[in-house]
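# Observations on the three-dimensional arrangement
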Amino acid sequence: MKSIASQILKLTAQKGIKQAEVFGQTSKELTIEIARQEVENLKIAEEQGVGLRIIFENRLGYAYTADLKKESLQVLVEKALANSRLVEAETAWNIAQPNDKYPQLDLFDLEIGQHSLEEKISLAQEVEQAALNYDSRIKQVEKAVYQDADYQLFLYNSYGLEKNYHSAFCGLYSSVISRDQADAQTGFGMDFSLKYADLDPYKVGREAGEKAVRMLGARTISSAKLPVVFEPYVMVGLLGVLEAIFSGEAVLKGTSFLAGKVGEKVAGTAVNLIDHGALKGRLGSAPFDGEGMPTQKTSLIHNGELQGFLHNLYTARKSGTISTGNAVRSGYKSTPEVGVTNFYLEPGKVSPEELLREISYGFYVTEVMGLHTANPISGDFSLGAAGLLIENGEITKPVKGMALAGNLQALLKGIDLIANDLTFYLGQGSPTVRVQGLTLSGI
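Residues numbered from 1 in each chain as written. Predicted model: local features only at pLDDT ≥ 70, side-chain atom pairs only at ≥ 80, totals over all residues. Heavy atoms only, no water.

### Structural notes on the pairing of strand β7 (residues 224–230)
Across the seven residues that make up β7, a large majority, five, are buried. In this structure, β7 lies alongside strand β20 (residues 433–442), joined through six bridges in antiparallel fashion. Looking at β20, one finds that Val-229 is bridged to Arg-434. Relative to strand β14 (residues 361–369), β7 is paired through three bridges, and the arrangement is parallel. Looking across to β14, one finds that Phe-230 is bridged to Val-365. (Buried < 20%, exposed > 50% of the residue type's maximum accessible area, 1.4 Å probe, protein only. Helix = DSSP H or I, 4+ residues; strand = E, 2+ residues; numbered from the N terminus. Pairing = 2+ DSSP bridges.)

### What to know about the sheet that holds strand β9 (residues 297–302)
In space, the six strands of this open sheet follow the order β10-β9-β8-β13-β19-β18, with mixed pairing throughout. Among the strands making up the open sheet, the edge pair consists of β10 (305–306) and β18 (423–425). Taken together, the two bridges between strand β13 (residues 343–345) and strand β19 (residues 428–430) define a ladder with parallel strand orientation. Looking across to β19, one finds that Tyr-344 is bridged to Gly-429. Strand contacts of helix α6 (residues 232–242): β8 (273–276), β13, β18 and β19, with the helix running at about 130° to β19, the strand carrying the most contacts. (Contact = heavy atoms within 4.5 Å. Axes fitted to C-alpha atoms, helices over the stretch in contact; angles between N-to-C directions.)

### Things to note about the packing of aromatic side chains
What the rule picks out here adds up to 11 aromatic pairs. Consider the rings of Tyr-173 and Phe-188, whose centres lie 6.4 Å apart with planes at 25°: the pair is stacked. Of this pair, Tyr-173 sits in strand β5 (residues 162–180) while Phe-188 sits in strand β6 (residues 183–193), and the two are 15 residues apart along the sequence. Looking at Phe-188, the relative accessible area reads 15%, which means it is buried. Between Tyr-233 and Tyr-425, the aromatic rings sit 5.0 Å apart at their centres with planes inclined by 75°, giving edge-to-face as the arrangement. Here Tyr-425 lies in strand β18 and Tyr-233 lies in helix α6, a separation of 192 residues in the sequence. (Phe/Tyr/Trp six-rings, centres within 6.5 Å; stacked < 30°, edge-to-face > 60°.)

### Quick word on the pattern of salt bridges
Applying the stated criterion across every chain, the model contains 17 salt bridges. The partner of Asp-67 in a salt bridge is Lys-69, and the shortest N-O contact between them spans 3.0 Å. Taking the shortest distance from any N to any O, the salt bridge between Lys-318 and Glu-90 comes out at 3.3 Å. Residue Lys-318 is found in helix α8 (residues 313–319), and its partner Glu-90 is found in the loop between α2 (70–84) and α3 (110–114); the two are separated by 228 residues along the sequence. (Salt bridge = Lys/Arg side-chain N within 4 Å of Asp/Glu carboxyl O.)

### Digging into the sheet that holds β6
The strand order across the open sheet built from six strands is β3-β2-β1-β4-β5-β6, with neighbouring strands paired in antiparallel fashion. Looking along the sheet, the strands with just one partner apiece sit at the ends: β3 (59–65) and β6. For this sheet, the mean inter-axis angle between neighbouring strands, taken without regard to orientation, is 20°. Note that β5 and β6 share 11 bridges and pair antiparallel. Pairing of Ser-178 across the sheet is with Gln-185, part of β6. With respect to the sheet, helix α5 (residues 201–213) is in contact with β4 (138–157), β5 and β6, its orientation differing from that of β6 by roughly 150°.

From the geometry alone we can't say anything about function, so treat these as descriptive.
Pasting the structure below:
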């Protein structure tokens, strides 16, 4: 890849291009799906390619190719140059300078690749069996999945930057159906890790079974305004909606309701929201971002107060600040956009049980429907919800057919207690979170 990048950068220099960046990727992914202890689907996908980003006469051009032959690299440069002519000139475009502050991270576990296909199939089979063994009311395992990926990323530019890293991850997933007479409910379990030895098929299967069984017999309750507790997975879903408002790009476009509020109280005092691209042991970590800038820990909200936003080189220059190392790419076919890495709420000090104990009557949310309809600009949302009733500090019975309405700005300010059970789902994490005064309506 270094040889290929050198060829491309030489070609760009011959065209008079002084700012050029080559992003290379090689990857291999494995997915195994089990049904009734048999392999139902097995997929191995491999990919490699390079993307070229140039800045020529203050215009940005981008092109990519999976064909790495010499003549194709010449075409790649011509395409990037042609594409730059279609873009308006903008002095904020830039590429990364070499840096000596890259974090040291352990991202590659040899063990993932050393285990045989049969052993990985066995893990998925164990997940399925653990789910079925959890309760006699588990009638079907829709999916029991093992997945892993091994990839290398390379970044070279005309300023002399030469960086690369090798990473791998693996994981298990299960989706099950429980039935009791005419009632049927679903549940899931999942666990992804950088370490093969950390995978626990028994835990993943039982988690799916437990989530499906606990909702059997669910009924609607009367409408009320009451304390609402979000299970970690549900709160992670809400963070997925909120992440857009912390983008420097959204601020520049006027689509973030937090624009102009740095230093102001925008959430409950218990809220500390972090993006950490160098967090050890997490899937969203990397030594450098999609432009070659070092990753870092960025505090977005501290004790409820807005600290700032996430930036790549472009949005940072436009905003008069510096990059936070948050240029992200989905692969060599995409340009670096502003995005999150490991995006999470810091845990509090109380256990989930202690958090519930103070609630005389409330709602513990285990599922929301329609998150895609939440408006990240105004913050308004109206979601279908299911969960568990909280009575006298304890979870009692399952509830379904509810609507949860409100505003994300009010929701953040209403967070008054956060538990100590920080749980990550891929690159996003949250503990159990309590919010005061949300409106819950029976459908």
